[in-house]
Amino acid sequence: MSKTKPYIIPKKLVMEAYQRVKENRGAAGVDQQSLEDFDKNLKDNLYKIWNRMSSGTYFPPPVKAVPIPKKTGGERILGIPTVSDRIAQMVATLTFETCVEPHFHEDSYGYRPKKSAIDAIGVTRQRCWEYDFVLEFDIKGLFDNIDHQLLMKAVRKHTDNPWIILYIERWLTTPMQMPDGTLLEKTKGTMQGGVISPVLSNLFLHYVFDVWMGKNHPGKPWCRYADDGLVHTRSEQEAQALLVRLKERFEMCGLELHPLKTKIIYCKDIKRRNQYSTTQFTFLGYDFRSRRVLNSKTNEVFQGFNPAVSRSATKSMREHIRSSGIRNRSDLSLKEIANQYNPILSGWIGYYGCYNRTALNSVMVHFNKTLTAWAMHKYKKLKRHRTRGTHFIKKVQQENPGLFVHWKQGLGMGFA
């Protein structure tokens, strides 16, 4: 260790961090430097990051404030760090994550290696069969309200690495540059959009919720994905009592439960016939409610409490198809459209098709109808003849069922 380089940060770690950031892509920050621009002088740019971090002279530039519309209305502010700062944050994340990850709870699923939203959906599905009630909670403005002092106490509990502590403290107080150029100082919260923010928010909630639940309510299974969580109970009374305690716990730690998104649900099915006002909930893009289910062993149909793609997710996918403008791309061939859209369709099917995949049919039929509109726009003989356009796409489907991924998998076979 030298006086000019008091912190030992391997150059290989900086390179790995760069590769991770490049894979994730992302927009330019306040300096307007894109990844492509950064790559033009890659060696020198990476050296500067390593040199400054190793010497303790790295100071994060302001993050760029970008308003993002919410699905429920309004907007949230996303903080976009510069490319260099994203790499620096990734260097710290890769190091710090190894310190905290072994301590995180198995039912914490958000932003974690070898954990996924689908894992959370699967375990929730099973527990809804076993427990009659679910307390669904949502933390209002988590990233904006994390207490810095409590968070740093948790950070120091898991590492004594001086450069990790130094730079996390600097990132927590990095100002945000608003669209009008003014700088907004940070006194609490961690930047939503920052590379290191997910692991920091997970660490904060690990102690605020995960550990607290284990100590105070060990008999109630729960599942958390970032700031969205579920707790299963045997009775409504248990859920109501827990809700009171949970509100107190979060308020004690500077957080607030969202009043509209926090509720108690009765998992109604063929065996649960009591009457309650709320009998369904949405979690990670899936609607959980009573549905007609086929028993694969007995081949009988019954009412079960199960997940399927949510209404809001299907609406979002249809809007994505509409906004893509495929119907007007007469310059493209069907094969070119397939090459462009198959990865998107495959992603939708891969996630939303894990449970009750036939619920995706409405989206896939909408895509087929968009292809019909494309054919009517491209070929004069089909113009203003929807029936002919439909027959044209049906014929393509029959002759080349592997052209589009949903055709190959037997989804969206209709056109009506």
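Basis of the calculations
Residues numbered from 1 in each chain as written. Predicted model: local features only at pLDDT ≥ 70, side-chain atom pairs only at ≥ 80, totals over all residues. Heavy atoms only, no water. Pairing = 2+ DSSP bridges. Helix = DSSP H or I, 4+ residues; strand = E, 2+ residues; numbered from the N terminus. Phe/Tyr/Trp six-rings, centres within 6.5 Å; stacked < 30°, edge-to-face > 60°. Buried < 20%, exposed > 50% of the residue type's maximum accessible area, 1.4 Å probe, protein only. Salt bridge = Lys/Arg side-chain N within 4 Å of Asp/Glu carboxyl O. Polar contact = N/O pair within 3.5 Å; in protein donor to acceptor, adjacent residues only side chain to side chain. Patch = residues over 30% accessible without salt bridge, like charges linked within 9 Å, V, L, I, M, F, W, Y side chains within 5 Å. Areas by Shrake-Rupley, 256 points an atom, 1.4 Å probe, with all protein chains shown as cover. Lys, Arg positive; Asp, Glu negative; His and termini not counted. Charge placed at Lys NZ, Arg CZ, Asp CG, Glu CD. Axes fitted to C-alpha atoms, helices over the stretch in contact; angles between N-to-C directions. Parallel < 35°, antiparallel > 145°, perpendicular 65-115°, else oblique. Left-handed = near helix turned anticlockwise from the far one by under 90°. Contact = heavy atoms within 4.5 Å. Nonpolar A, V, L, I, M, F, W, Y, C, P; charged D, E, K, R; others polar.

Draft legend 1. Inspection of the sheet that holds strand S4 (residues 176–177) at higher detail. Across the sheet, which stays open at both edges, the 4 strands sit in the order S2-S1-S4-S5 with mixed pairing between neighbours. With one partner strand each, in any of the chains shown, strand S2 (75–80) and strand S5 (183–184) form the two edges of the open sheet. Where strand S1 (residues 63–69) lies against S2, 6 bridges are found, and the strand directions are antiparallel. Residue pairing in the sheet places Val66 in a bridge with Leu78 of S2.

Draft legend 2. Spatial organisation of the pairing of strand S6 (residues 222–225). For S6 and strand S7 (residues 228–233), the ladder comprises 4 bridges, and the chain directions are antiparallel. The partner of Arg224 across the bridge, within S7, is Gly229. Between S6 and the antiparallel strand that follows it, S7, lie 2 residues; Ala226 among them carries a positive phi value of about 55°.

Draft legend 3. Here's a closer look at the packing of aromatic side chains. This model, assessed by the stated rule, comprises 25 aromatic pairs. Geometrically, the ring pair formed by Phe137 and Phe250 is tilted, given 5.9 Å between the ring centres and 45° between the ring planes. One end of the pair, Phe137, is in strand S3 (residues 133–138); the other, Phe250, is in helix H10 (residues 236–252), and 113 residues separate them in sequence. Considered together, Phe137 and Phe250 belong to a single accessibility category, that of buried residues. Residue classification places Phe250 among the buried residues on the basis of a relative accessible area of 0%.

Draft legend 4. Quick peek at the pattern of salt bridges. Summed over all chains, the structure comprises 13 salt bridges. The salt bridge partner of Asp37 is Lys40, with a shortest N-O separation of 3.5 Å. Within this pair, Asp37 and its partner Lys40 are both found in helix H2 (residues 35–40), separated by 3 residues, close to a single helical turn. What makes Asp37 partly exposed here is its relative accessible area of 32%. If you follow the salt bridges from partner to partner, you end up with Asp132, Asp269 and Arg272 in one network.

Draft legend 5. Region of the structure containing the environment of Asp287. Along the chain, the position of Asp287 falls in strand S10 (residues 286–294). Judged by relative accessible area, which is 11%, Asp287 ranks as buried. Distance in space between the C-alpha atoms of Asp287 and Gly141 is 23 Å, their sequence separation being 146 residues. At 2.5 Å, the side chain of Asp287 and the side chain of Thr282 are in polar contact. Here Arg311 takes part through its backbone nitrogen, which lies 3.1 Å from a polar atom of the side chain of Asp287.

Draft legend 6. Structural view of a positive patch on the surface. Together, Lys70, Arg76, Lys140 and Lys261 make up a positively charged patch on the protein surface. Looking at where Arg76 falls in the secondary structure, it is placed in strand S2.

Draft legend 7. Region of interest: the packing of helix H11 (residues 311–324) against helix H13 (residues 361–378). In the contact formed by H11 and H13, the axes pass within 10 Å of each other and the chain directions differ by 15°. Comparing their axes, H13 and H11 come out roughly parallel. Between H11 and H13 lies a crossing whose hand is right-handed. Counting all contacts with H11, which are made through Thr314, Met317, Arg318, Ile321 and Arg322, the residues of H13 involved are Ser362, Val363, His366, Phe367 and Thr370. A breakdown of the residues in the contact of H11 with H13 according to their chemical character gives 4 nonpolar, 4 polar and 2 charged.

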